[in-house]
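Summary of the model geometry
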Amino acid sequence: MKKVLFVIFLLGTAIWSYAQTVKEYFVTDNPIAFDNTHFYLGWSSNPSKGYFLHEYFPKGETPEQFNKMFTVSIVETGISAKDAAMAKANELTKRKENDNICNYKVYENGGEYIVDFLVSDIANGQLTTVEWNIHYYKDIEIDGKHYSQLVFFSQRAYGDNIVPFIKSLSEISSEKILALANINLVVKTLK
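Moving on to the packing of aromatic side chains. Inspection of every chain in the model, using the stated rule, returns seven aromatic pairs. Judged by centre distance (6.3 Å) and plane angle (85°), the ring pair of Phe39 and Phe153 falls under edge-to-face. With Phe39 in strand β3 (residues 37–48) and Phe153 in strand β9 (residues 145–158), this residue pair connects regions lying 114 residues apart in the sequence. In this structure, Phe39 and Phe153 share a single accessibility class: buried. An aromatic cluster is present here, built from Phe34, Phe39, Phe70, Trp132 and Phe153 joined pairwise through their rings. Lys59 extends its terminal NZ or CZ atom over the ring of Tyr40, reaching a point 5.1 Å from the ring centre.

What follows is the structure, given as structure tokens:
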């Protein structure tokens, strides 16, 4: 019996360790300091050739349930930062047809773009989640290749916290948008 329990323990430990391993596809800050918070790499993906995505979370938060998230993605394509930002704006315009909370603004500064937007989720006729995002698009070069870089900050509220969260956005949004526009986050190289 002790052997069986020991094997189950080892198997559980191995599965947990495997689940905790996140591949770094590129080199950048880790943790990332933003909004008086340190964000640690918690999830990554390489969904297609030349497209890499890292998601960072405060300690104790996960991709499945978070209040704040910081994301860095790079895409090697012919698409410019402007085209990427406009594609996001078009996506949000379509989302507004089914999401009454959805709203967005686009800002441009010297070829770099910010899309500031709010979206929501509804389950069983009830508003369950509201998410505010600041997407910051710019063109970068890594190892001599052109990439479109998207850096973004997300903040969520659930259930009873939704209304106070939405009310607080008018006080906090400008400061956080400016902070993201001025962040000195550099993707140094691919791994």
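Further notes follow.
Another aspect to go through is the sheet that holds β3. Reading across from one edge, β2-β3-β4-β5-β9-β8-β7-β6 is the order of the eight strands in this open sheet, with antiparallel pairing throughout. At either end of the open sheet lies a strand with only one pairing partner, and these are β2 (32–34) and β6 (103–109). The average angle at which neighbouring strand axes cross in this sheet is 25°, direction not considered. Where β3 lies against strand β4 (residues 51–57), six bridges are found, and the strand directions are antiparallel. Bridge pairing links Ser48 to Tyr51 in β4. Seen against the sheet, helix α2 (residues 81–95) touches β6, β7 (112–123), β8 (126–142) and β9 and runs at an angle of roughly 25° to β7. The sheet strands contacting helix α3 (residues 162–181) are β2, β5 (68–75), β6, β7, β8 and β9, and the helix crosses β8 at an angle near 5°.

Quick notes on the rules
- Residues numbered from 1 in each chain as written.
- Predicted model: local features only at pLDDT ≥ 70, side-chain atom pairs only at ≥ 80, totals over all residues.
- Heavy atoms only, no water.
- Phe/Tyr/Trp six-rings, centres within 6.5 Å; stacked < 30°, edge-to-face > 60°.
- Helix = DSSP H or I, 4+ residues; strand = E, 2+ residues; numbered from the N terminus.
- Buried < 20%, exposed > 50% of the residue type's maximum accessible area, 1.4 Å probe, protein only.
- Lys NZ or Arg CZ within 6 Å of the ring centre and 35° of its normal.
- Pairing = 2+ DSSP bridges.
- Axes fitted to C-alpha atoms, helices over the stretch in contact; angles between N-to-C directions.
- Contact = heavy atoms within 4.5 Å.

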